[in-house]
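# Residue-level structural notes
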Amino acid sequence: MTDVWTVLRVLEWTAGYFRERGIESARLDADLLLAKTLGVDRVGLYLRYDQPLNAEELRLFRARVARRARREPLAYILGEVEFWSLAFALTPDVLIPRPDTEVLVEEALARGPEEARVLDVGTGSGAIAVSLAVERPAWQVAALDVSPAALAVAQGNAHRHQVAERLRFLQGDLARLPQEEFDLIVANPPYIPSADLAGLMPDVRDHEPHLALDGGPDGLAAYRALAAQAPSRLRSGGSLLVEIGQGQEQAVGELFTRAGLQGLFRRADYAGIIRVVGATRK
Ligand SMILES: C[S@@+](CC[C@H](N)C(=O)[O-])C[C@H]1O[C@@H](n2cnc3c(N)ncnc32)[C@H](O)[C@@H]1O
């Protein structure tokens, strides 16, 4: 065996190593980490199979492989992820936006008026707020998070997608929403019951911020706070739309109805799981 580490040899070795470590998407992850290291896309990688890596490339790549082997999510190592066909910068201060959340964006776009004032509660990377602002040039979006580090990431993403002038960033607790009236309040809040956090996949449990995951003893703390405030923060006809965890639709629906909201609706994701619950102020 030659000592030359060509692109193909490095990929095959790394994919095998990841497989041994129980990483399911072993070859894809190896490809994406090496493509990032060499500054090319995946096709560019295939065109360079016989090319040897130089010492600096090998050093950088090894460091990234070691991070992934410790189950750090690929998106944090790459520093970005795609959501709503837009590239979002990420740091470990923010949840990695999930494709499921695009269903919430779709519902908000379908339900908001042409000119809307929108509040995104728990904005994280800004995935929801920025996607809505990109799609609806007449919408003004306030993005709230308790984490200043998350807000800094969201702000960077708003600039990246040239919507910063229509976004307002608010640092604060969702238990005290701004005293304003909105046409839409959207949220993908923390919703995992505290006791379930320990059983999550290591990639999530050990690397994503618990602030973004922990929904309190029954997972419903954020929904309770949002339901209680929605009637005074929505204009008449305005809607509250939230992403929920699997099986939470009944409990969240009851919270919304008991708070006096009407026209309860639900929306499933593409796997058929109810992901969005919403209701409207009369
Ligand atoms: C599940 S993440 C959602 C992030 C992003 N909206 C998304 O969909 O990818 C929840 C977010 O809520 C924020 N958060 C947690 N507790 C909060 C609180 N009490 N007040 C405001 N934001 C909070 C977290 O910092 C985190 O960014």
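Model, not experiment: these values are computed from the prediction.

Assignment of secondary structure puts Pro52 in the loop between helix 3 (42-46) and helix 4 (55-69). A relative accessible area of 44% means that Pro52 is categorised as partly exposed. Setting aside chain neighbours within four positions, we find Pro52 in contact with Val4, Trp5, Thr6 and Glu57.

A word on the site of the ligand. Close contacts around the ligand come from 17 residues, with Gly122, Asp145, Leu174, Asn188 and Ala212 the closest. Within the backbone of Leu174, one N or O atom sits 2.8 Å away from a nitrogen atom of the ligand. In the complex, the protein chains occlude 93% of the 590 Å² of accessible area that the ligand would expose alone.

Another point: the sheet that holds strand 4 (residues 140-145). What links the strands of a sheet is backbone hydrogen bonding, and the strands pair in either a parallel or an antiparallel sense. In spatial order, the strands read 5-4-3-6-7-9-8; together these 7 strands make up an open sheet with mixed pairing. Looking at strand neighbours, the two that pair on one side only are strand 5 (167-171) and strand 8 (262-268), the edges of this open sheet. Taking each pair of neighbouring strands and ignoring which way they run, the sheet shows an average axis angle of 15°. Note: strand 3 (residues 117-121) against strand 6 (residues 182-187), 4 bridges, orientation parallel. The residue of strand 6 that forms the bridge with Asp120 is Val186. Of the strands in this sheet, strand 3, strand 6 and strand 7 (234-243) are in contact with helix 10 (residues 221-233), which crosses strand 7 at around 165°.

A few words on the side chain of Gln229. Its location among the elements puts Gln229 in helix 10. A polar contact of 2.8 Å, which involves the side chain of Gln229, links it to the backbone oxygen of Leu174.

Before going further, it helps to spend a moment on the packing of aromatic side chains. Throughout the structure, instances matching the rule amount to 5 aromatic pairs. Arranged with centres 5.1 Å apart and planes meeting at 20°, the rings of Trp13 and Tyr17 form a pair that is stacked. On the criterion of helical spacing, the pair formed by Trp13 and Tyr17 is a turn pair, its members being 4 residues apart in helix 1 (residues 7-20). Look at Tyr17 and you get partly exposed, because its relative accessible area is 23%. In this structure, Arg111 is placed above the aromatic ring of Phe265, and the distance from its NZ or CZ to the ring centre is 3.3 Å.

Quick look at the pairing of strand 1 (residues 80-83) now. Where burial is concerned, the two faces of strand 1 differ: the one with Val81 and Phe83 is buried and the one with Glu80 and Glu82 is not. In this sheet, strand 2 (residues 86-89) lies alongside strand 1 in antiparallel orientation, the contact comprising 4 bridges. Each residue of the ladder has a partner; that of Glu80, found in strand 2, is Ala89. The hairpin formed by strand 1 and strand 2 contains 2 residues between the paired strands, and Trp84 there has a positive phi angle of roughly 50°.

How each quantity is defined
Residues numbered from 1 in each chain as written. Predicted model: local features only at pLDDT ≥ 70, side-chain atom pairs only at ≥ 80, totals over all residues. Heavy atoms only, no water. Helix = DSSP H or I, 4+ residues; strand = E, 2+ residues; numbered from the N terminus. Buried < 20%, exposed > 50% of the residue type's maximum accessible area, 1.4 Å probe, protein only. Contact = heavy atoms within 4.5 Å. Near = heavy atom within 4 Å. Polar contact = N/O pair within 3.5 Å; in protein donor to acceptor, adjacent residues only side chain to side chain. Areas by Shrake-Rupley, 256 points an atom, 1.4 Å probe, with all protein chains shown as cover. Pairing = 2+ DSSP bridges. Axes fitted to C-alpha atoms, helices over the stretch in contact; angles between N-to-C directions. Phe/Tyr/Trp six-rings, centres within 6.5 Å; stacked < 30°, edge-to-face > 60°. Lys NZ or Arg CZ within 6 Å of the ring centre and 35° of its normal.

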